[in-house]
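Listed below, chain by chain, are the residues.
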Number of protein chains: 2
Amino acid sequence: MTFEFDTHTEVQSNGDGRYAAELDPGWVVGGGVNGGYLLAVIGTALRASFPTKPDPLAVSAYYLSAGRPGPAEVAVDVRREGGSVATASVELRQQVGQGDETRIAALATYGDLDRLGDDVRTTAEEPVLPPPDECVANAFAPPEILEMAPMMGRFDMRFHPEQVGWAVGQPSGRGEISAWFRLIDGREPDPVTLLMVLDALPPVTFDLGMMGWAPTLELTAHVRAKPAPGWLKVRHATRNMAGGMFEEDCEVWDSAGRLVAQSRQLARQPRPIG
Amino acid sequence: MTFEFDTHTEVQSNGDGRYAAELDPGWVVGGGVNGGYLLAVIGTALRASFPTKPDPLAVSAYYLSAGRPGPAEVAVDVRREGGSVATASVELRQQVGQGDETRIAALATYGDLDRLGDDVRTTAEEPVLPPPDECVANAFAPPEILEMAPMMGRFDMRFHPEQVGWAVGQPSGRGEISAWFRLIDGREPDPVTLLMVLDALPPVTFDLGMMGWAPTLELTAHVRAKPAPGWLKVRHATRNMAGGMFEEDCEVWDSAGRLVAQSRQLARQPRPIG
């Protein structure tokens, strides 16, 4: 069986560290292609580059221009490989007119999560969510939202009922959104999928009553363990808005109750819509 | 008056985005030159590259090998400049034998903090510390620590008395270290200095009873505002150790009570000493 996520993130090696990808229109949200999806495309090219180190440990992406559906190239430049990890500089580019435009410049360290130690100590607290059936499904989003964000059609998301007031004009003001998450095609999560999941929820600024699109300047993802199959819990939070920017922290917890991925992004404060 | 921090982070342009630096032995700690100091050297080269965008907004550094005192080169490759921010790919390299070895590969976005909006909303809580005179000064560290970490001589640090038990074999086990901080030479903090401050405290794993050196894989710094003169408050915390790695979150607060810088790093769990 082939899952749409795998088809949409597929890359073809053109040799010399260059990979061809086809950005699918199903991942458009607001003004461009979703940044988490682009990260998963980059992550797929990196996985192909490091056969014995298939898992992202850390990925830092700087978003330079908005991606568009259509052909793209991922260029991987290995900066160090040796020992248990490998680090590469990566760019995702698209042809615009006669030239290339860089969408994302990134650095990434890959390794093998199966070969790392399994000593786990955590004081982080798993998000508390009512069962999925008692949460608010994205399937009930108004048609104008689904049209603006076709990406929503890729996911089954169940929002915490107390953190979804923004959908009806009543944001909580706390700066927190959490939800159950799975891919609509039934594909189970893996480390590269998590790169996408870290940027899949609506911007946490929705919960502060700022409903516009919030362009990411930089996002760093850490994948801490291989996720177990099943529903993921995803939590976005922000604590500090300053200078027209805010940080958004994301955590992803797997069905075994483990913190499997973390990210922080710095994004521009959205401008009010309308 | 010339401050030692400025002398130690000075760079000379060799044209074509290349800068020469001299890494000072006063910043050695454990097996190499401190990563935060190297970040400030890189930050100084970037500031020279972007005269109208002098402030780091986001810097992501991947540590590939340990820096040594002596000559180094910083190579800046501008990836995008336009509008209010500029993004560059940067490497810090040192000559080893006949070849160059990359110490740090980084990406950075620079801008002008004075030109950003000043709408601030925060729910982050300023660390609570007793007055500096009631805290534990690093000047009282045992001579063997000062010999292993000459960098300690660059700072006046005053540790929270309840978070410094690790110095006498009684770590709290909570995974938190906070301290007052200033440069010993009296130089006031600025945005590039903050890049160093974010990695100046001992690893937070000391407070978990793991006294070894914790090599950083990746560190991303966000500078959120220009710091006011005076003492800074610095807080390190970790929540999750997994797969032999831990994340260390750092916050820097200025004397006006504002969160001026944040970072997260992914580091390898230290091996026990002795």
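The rules behind each value
Each chain carries its own residue numbering, running from 1 in the written order of its sequence. Just so you know, chain letters begin at A and ligand numbers begin at 1, following the order they were written in. Two thresholds apply to this predicted model, a pLDDT of at least 70 for residue-level local features and 80 or more for giving and counting side-chain atom pairs, whereas whole-chain, interface and lining totals are computed over all residues. The basis for every side-chain value is the complete set of non-hydrogen atoms in the structure, without hydrogens or water. Under the scheme used here, helices are H or I runs from DSSP no shorter than 4 residues and strands are E runs no shorter than 2 residues, and both carry numbers assigned from the N terminus. All radius of gyration figures rest on C-alpha atoms, and the globule criterion is 2.2 Å times the number of residues raised to 0.38. For this analysis, residues touch if any pair of their heavy atoms sits within 4.5 Å. Note on areas: Shrake-Rupley with a 1.4 Å probe; residue coverage comes only from the protein chains shown. By the counting scheme adopted, Arg and Lys are positive, Glu and Asp are negative, and His together with the chain ends is not counted. By convention, the point assigned to a charge is CZ for Arg, NZ for Lys, CD for Glu and CG for Asp. UniProt positions are given in the numbering used here, feature names are shortened, and annotations may be inferred rather than shown by experiment. When a residue's accessible area, from a 1.4 Å probe over protein chains only, is under 20% of the maximum for its type it is buried; when over 50% it is exposed; and in between it is partly exposed. If DSSP finds at least two bridges between two strands, the strands pair. When the copies are superposed, the least-squares fit takes in the C-alpha atoms of residues with a pLDDT of at least 70 in both. By disulfide we mean two sulfur atoms from cysteines, separated by a distance within 2.5 Å. In summary, the pairing rule links any two rings of Phe, Tyr or Trp, Trp by its six-membered ring, whose centres are within 6.5 Å, and it sorts them by plane angle into stacked for under 30 degrees, edge-to-face for over 60 and tilted for everything else. Should a side-chain nitrogen of Lys or Arg be within 4 Å of a carboxyl oxygen of Asp or Glu, the pair is scored as a salt bridge. Pairs of N or O atoms are called polar contacts if they sit within 3.5 Å, as long as, within protein, a hydrogen donor faces a hydrogen acceptor (for residues adjacent in sequence, only side-chain-to-side-chain pairs).

### Some points on the overall build of chain A
- Broken down by element type, chain A carries four helices and 17 strands.
- Rg of the C-alpha trace for chain A: 18 Å, near the compact-globule value of 19 Å for 274 residues, within the 12% margin.
- Taking the principal axes of its C-alpha atoms as reference, chain A extends roughly 50 × 50 × 45 Å.
- For chain A, contacts bridging at least 24 residues in sequence account for 70% of all contacts bridging at least 6.
- When the accessible surface of chain A is summed, it comes to about 10,900 Å², and 51% of that surface belongs to carbon and sulfur atoms.
- Side-chain charges of chain A comprise 24 positive and 37 negative groups, with the mean position of each set lying 5 Å from the other.

### Some details on the UniProt feature "domain: Acyl-CoA thioesterase-like N-terminal HotDog" (unreviewed entry) in chain A
- With numbering matched to this structure, UniProt assigns "domain: Acyl-CoA thioesterase-like N-terminal HotDog" (unreviewed entry) to residues 24–110 of chain A.
- Taken end to end, residues 24–110 of chain A has its terminal C-alpha atoms 25 Å apart, with 17% of it in helix and 57% in strand.

### Comments concerning the pairing of strand S8 (residues 99–111) of chain A
Residue and element names in this part refer to chain A.
- Within S8, 10 of the 13 residues are buried, leaving the element largely enclosed by the surrounding structure.
- Where strand S5 (residues 55–63) lies against S8, eight bridges are found, and the strand directions are antiparallel. Looking at the pairing, proline 56 lines up with tyrosine 110 of S8.
- Relative to S8, strand S7 (residues 85–96) runs antiparallel, the two sharing 11 bridges. Across the sheet, residue leucine 92 finds its bridge partner in S8, namely isoleucine 104.
- The turn joining S7 and S8, which pair antiparallel and follow one another in sequence, is formed by two residues; a positive phi near 60 degrees is taken by glycine 97.

### Section: the relation of the copies chain A and chain B
- Screw-axis analysis of chain A against chain B gives a translation of 0.0 Å along the axis, an RMSD of 0.0 Å, and a rotation angle of 180 degrees. Classification of the inter-copy transformation places it as that of a two-fold axis. Considering only C-alpha atoms, the part of chain A nearest the rotation axis is A:Ser60, at 3.3 Å.
- Interface overlap between copies is the fraction of interface residues in one copy that are interface residues in the other; for chain A against chain B it reaches 100%, indicating a shared surface.

### As for the state of the cysteines
All names here are of chain B.
- All told, the structure shown has zero disulfides over all chains when counted by the stated rule.
- Unpaired in this structure, cysteine 135 has its nearest cysteine sulfur neighbour in cysteine 250, at a distance of 16 Å.
- Note on cysteine 135: relative accessible area 11%, which makes it buried.
- Judged by relative accessible area, cysteine 250 falls into the buried class, the value being 2%.

### Brief notes about the packing of aromatic side chains
Residues and elements named next belong to chain A.
- Counted by the stated rule, this structure contains 16 aromatic pairs over all chains.
- Aromatic pair tryptophan 27 and phenylalanine 155: ring centres 5.7 Å apart, planes at 65 degrees, arrangement edge-to-face. A residue pair is termed long-range when its members are at least 10 positions apart, and tryptophan 27 in the loop between strand S2 (18–23) and strand S3 (28–29) and phenylalanine 155 in strand S11 (residues 155–159) qualify at 128 residues.
- Assessed through its relative accessible area of 0%, tryptophan 27 is described here as buried.
- We classify phenylalanine 155 as buried; its relative accessible area is 2%.
- When the ring of tryptophan 180 is compared with that of tryptophan 231, the centres are 6.1 Å apart and the planes differ by 65 degrees; the resulting orientation is edge-to-face. Pair noted here: tryptophan 180 is in strand S12 (residues 176–183) and tryptophan 231 is in the loop between strand S13 (216–223) and strand S14 (232–237), with a separation of 51 residues, a long-range link.

### Considering the side chain of B:Asp199
Residues and elements named next belong to chain B.
- Looking at the secondary structure, you find aspartate 199 in the loop between helix H4 (191–197) and strand S13 (216–223).
- Buried aspartate 199, no salt bridge; nearest opposite-charge side chain is arginine 264, N-O distance 13 Å.
- Looking at aspartate 199, its side chain comes within polar contact range of the side chain of glutamine 265, at 3.0 Å.

### Focus on the environment of B:Thr44
Residues and elements named next belong to chain B.
- Along the polypeptide, threonine 44 turns up in helix H2 (residues 35–49).
- Sequence spacing of threonine 44 and proline 56 is 12 residues, and the spatial spacing of their C-alpha atoms is 9.6 Å.
- Setting aside its immediate chain neighbours within four residues, threonine 44 contacts Thr9, Val11 and Val192.
- Side-chain polar atoms of threonine 44 contact the backbone oxygen of alanine 40, separated by 2.7 Å.

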